[in-house]
Amino acid sequence: MMRSLFSGVSGLKVHQTKMDVIGNNIANVNTVGFKSSSVTFADIFYQTSQSASGPNAATGAGGQNAKQIGLGAAMGAIAVNITGQGGSQRTDNPFDLMINGDSFFVVNKGGTNYFTKAGNFNVDEAGTLVNSAGYPVMGWQADSDGKIQKERVSALHVMASENMSTPPEATTQSTFFGNINEEDEMFRKDAPNNYIPVQMSFYDSLGYEYQILFKVTQSTATAQAGTRQYTMTLDSIMKDGEALDGVVGNPPPAVELTFNTTDEPTNGTPPVEPGGLISVSGANVNGKQMQIIFGNSIPAAKDITVDLSQLTNYGSASTIDSKTGDSEGVGKGKAPGEMSRLGVQTDGKIVASYTNGDQRILGQIAVAKFANAAGLEKIGENLYAETLNSGKFNGIGEDITADGGKFTTGVLEMSNVDLSTEFVDMITTQRGFQANSRIITVSDSMLEELINLKR
């Protein structure tokens, strides 16, 4: 009977432990990135009153099984459902991230790296990406060209002062496009100006924006048969809506544009189709490009190459316009830019957008993988620490896309606690606890009966 008392006590203890685990699971049903645990029991030492014996052919006696009395239950294991994906909660916060895969975020607490599934991040006063407890999120840095340097993980200072702005660049290329119609009303002699105005913008090296006004007039030169000529004159340069004196020069620079007006392509390599630009002539001309040379008139401006090859001379309306940069956008220049937005791509790269149209990669969030993720040790604050049975973190981390995983932005992974399972386990645990308490009660009654035999 004493053995049954101790067995009952051991049963009470293990069921109490299981209830503690169930209570913790339910308490964390809404904890971001929480992984539920489950308890398994094991029987413990047995008292053997008779060992097993085999059959004896000489005596004709049969074999007998061992006679053992169990001494109760013990806790076998507390297993963490580390691979079970929790539900997704949409937040629309660009720094809320969910890992699709078995990887872990890496955060640093007091110089030691820890691991978490909770992706509720934000940026602190120093511009560092941190988790809800203020621990820096670790990743890889980007060089000045935006290339990721996959070295040992370090804190991501995404909003550090050097990342808050981008420098200006001077315009070095510009492109004119559109159509010039010889019958445009602007060319009539009784028209107020007798020219078609075209405006071109550019930036100097300090980021100041200027506008150049060109005038396109019908040329007074005698054109060859099958061609038509127009004169493009640089009229004025403006800054902040005011013309700059002494910049254009006297007479102002001008070029002659010659177009094909026949219904056959002109001779040449390549031949020019009807309505196309045959040639550009004048000072500082190279092929179908003209050079705008500022000299010392605007010290911070660079010379600009203007591509005129896209102009046409069709019978449709005149629609001359310009854009900075060449056909691929090279050399367009830009004003100074201030950071306007931060975002995280599915591969963890952090991209900043600026008011001048620039985009820069500031770094990449790295992840950690373990041979036995269930061997990690929970230390609170949604953090896990590596153990001898989990495998070691190499200090460098991995790209989440290496095994087909990805980040989902604006979404958090919630707890993977299944309430229906927890409630069923709670019922069975409660009944087990009651049954073991009944063992103690009945054993106590039997002892009482035994004591009463003396009366």
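Here the structure is shown first, and the text comes after it.
Reading the values: rules and limits
- Residues numbered from 1 in each chain as written.
- Predicted model: local features only at pLDDT ≥ 70, side-chain atom pairs only at ≥ 80, totals over all residues.
- Heavy atoms only, no water.
- 1 Å grid on protein atoms, 1.4 Å probe; cavity = no way out; pocket = protein on both sides within 12 Å on 5 of 7 lines; lining within 4 Å.
- Points joined across faces, edges and corners; volume = space filled by probe spheres on them.
- Helix = DSSP H or I, 4+ residues; strand = E, 2+ residues; numbered from the N terminus.
- Phe/Tyr/Trp six-rings, centres within 6.5 Å; stacked < 30°, edge-to-face > 60°.
- Buried < 20%, exposed > 50% of the residue type's maximum accessible area, 1.4 Å probe, protein only.
- Lys NZ or Arg CZ within 6 Å of the ring centre and 35° of its normal.
- Contact = heavy atoms within 4.5 Å.
- Pairing = 2+ DSSP bridges.
- Expected span 1.5 Å × (residues − 1).
- Core = buried A, V, L, I, M, F, W, Y, C linked by side-chain atoms within 4.5 Å.

Asker: Can you lay out the layout of surface pockets for me, pointing to particular residues and giving the numbers?
Answerer: Rolling a probe over the atoms, with the probe sized like a water molecule, indicates the empty space that remains. In this structure, the largest pocket encloses a volume near 250 Å³. Around the largest pocket sit 17 residues that line it, and Leu234, Pro253, Gln291, Ile292 and Ile293 are the ones nearest its centre. For the lining of the largest pocket, the secondary-structure elements that each account for two or more residues are β17 (227–239), β19 (254–260) and β22 (289–292). The computed volume of the second largest pocket comes to approximately 200 Å³. Lining the second largest pocket are 16 residues, and of these Asn25, Ser37, Ser38, Glu422 and Asp425 lie nearest its centre. Where the lining of the second largest pocket is concerned, the elements lending two or more residues are α1 (2–27), β1 (37–43) and α2 (419–452).

Asker: Quick rundown of the packing of aromatic side chains? Include the residues and the values.
Answerer: Following the criterion strictly, the structure yields 11 aromatic pairs and no others. Here the aromatic rings of phenylalanine 105 and phenylalanine 121 are separated by 4.9 Å at their centres, their planes lie at 85°, and the arrangement is edge-to-face. With phenylalanine 105 in strand β7 (residues 104–109) and phenylalanine 121 in the loop between β8 (112–116) and β9 (122–123), this pair connects stretches of sequence that are 16 residues apart. When its relative accessible area of 0% is taken as the criterion, phenylalanine 105 is described as buried. With 4.8 Å between their ring centres and 80° between their planes, phenylalanine 115 and phenylalanine 370 make a pair best called edge-to-face. Of the two residues, phenylalanine 115 sits in strand β8 while phenylalanine 370 sits in the loop between β28 (367–368) and β29 (377–380), which places them 255 residues apart along the sequence. There is no split in this pair, since phenylalanine 115 and phenylalanine 370 are both buried. Put simply, the rings of Phe104, Phe115, Phe370, Tyr384 and Phe393 touch in pairs and so form one group of aromatic residues. The side chain of lysine 18 reaches across the aromatic face of phenylalanine 41, ending 5.7 Å from its centre.

Asker: Which residues make up the environment of alanine 42, and what values do they have?
Answerer: Considering the arrangement of structural elements, one finds alanine 42 in strand β1. Residue alanine 42 is classed as partly exposed on the basis of its relative accessible area of 31%. For the pair alanine 42 and lysine 215, spaced 173 residues apart in sequence, the C-alpha separation works out to 94 Å. For alanine 42, the contacting residues outside a window of four places in its chain are Ala73, Ala74 and Gly76.

Asker: Would you mind going over unusual backbone geometry in detail, with residue names and values included?
Answerer: Peptide bonds are mostly trans, and most non-glycine residues show a negative phi. Positive phi is not limited to glycine here, since aspartate 92 has a value of about 65°. Checked against the element boundaries, aspartate 92 lands in the loop between β5 (88–90) and β6 (97–100). The exposure class of aspartate 92 is exposed, given its relative accessible area of 53%. The backbone of asparagine 382 shows a phi angle near 65°, a positive value even though the residue is not glycine. Mapping asparagine 382 onto the fold places it in the loop between β29 and β30 (383–385).

Asker: Just give me the short version of the sheet that holds strand β25 (residues 337–344), but keep the residues and values in it.
Answerer: Overall, antiparallel pairing links the 6 strands, which are arranged β12-β11-β27-β26-β25-β13 in an open sheet. Sheet topology places β12 (148–155) and β13 (165–166) at the edges, where each strand pairs with a single neighbour. Across 5 bridges, β25 lies against strand β26 (residues 349–354) in antiparallel orientation. What sits directly across from glycine 343, in β26, is valine 351.

Asker: Help me get a handle on α1, residues and values and all.
Answerer: If you check α1, its first and last C-alpha atoms are 37 Å apart, about what 26 residues at 1.5 Å a residue would give, namely 38 Å. Those residues of α1 lying buried are Leu5, Ser7, Gly8, Ser10, Gly11, Leu12, Val14, His15, Lys18, Val21, Ile22 and Asn25. Residues of α1 that are buried in the fold lie against β1, β3 (67–70), β4 (73–80) and α2.

Asker: I'd like to hear about the nonpolar core, residue by residue, with values.
Answerer: Phe202, Phe214, Met232, Ile237, Leu257 and Leu308 are the most contacted members of the largest nonpolar core, which totals 32 residues. At the level of elements, β15 (196–203), β16 (209–218), β17, β19, β20 (277–282), β22 and β23 (304–312) are the ones that each hand at least two residues to this core. Setting aside chain neighbours within four positions, we find phenylalanine 202 in contact with Thr171, Tyr208, Glu209, Tyr210, Ile212, Ile237, Phe294, Ile298, Ala301 and Ile304. Formed by 25 residues, the second largest nonpolar core is a distinct cluster that contains Val158, Leu342, Ile365 and Phe407.

Asker: How would you sum up the environment of lysine 150? Please name residues and give values.
Answerer: As for its position among the elements, lysine 150 is in strand β12. Residues lysine 150 and glycine 397 lie 247 residues apart in sequence; the distance between their C-alpha atoms is 8.5 Å. If sequence neighbours within four positions are ignored, lysine 150 has contacts with Trp140, Ile396 and Asp399.

Asker: Can you lay out α2 for me, pointing to particular residues and giving the numbers?
Answerer: Compared with the 50 Å implied by 1.5 Å per residue over 34 residues, the 49 Å span of α2 between its first and last C-alpha is a close match. Of the residues making up α2, those classed as buried are Glu422, Thr429, Gly432, Asn436 and Ser443. Where α2 is buried, its residues contact α1.

Asker: Account for the sheet that holds strand β24 (residues 321–324), naming residues and giving values.
Answerer: Ordered in space as β21-β22-β23-β14-β24, the 5 strands form an open sheet in which the pairing is mixed. Each edge of the sheet is formed by a strand with only one pairing partner; in this case those strands are β21 (285–286) and β24. Bridging between strand β14 (residues 173–179) and β24 involves 4 bridges; their strand directions are antiparallel. Bridged to threonine 175 within β24 is lysine 323.

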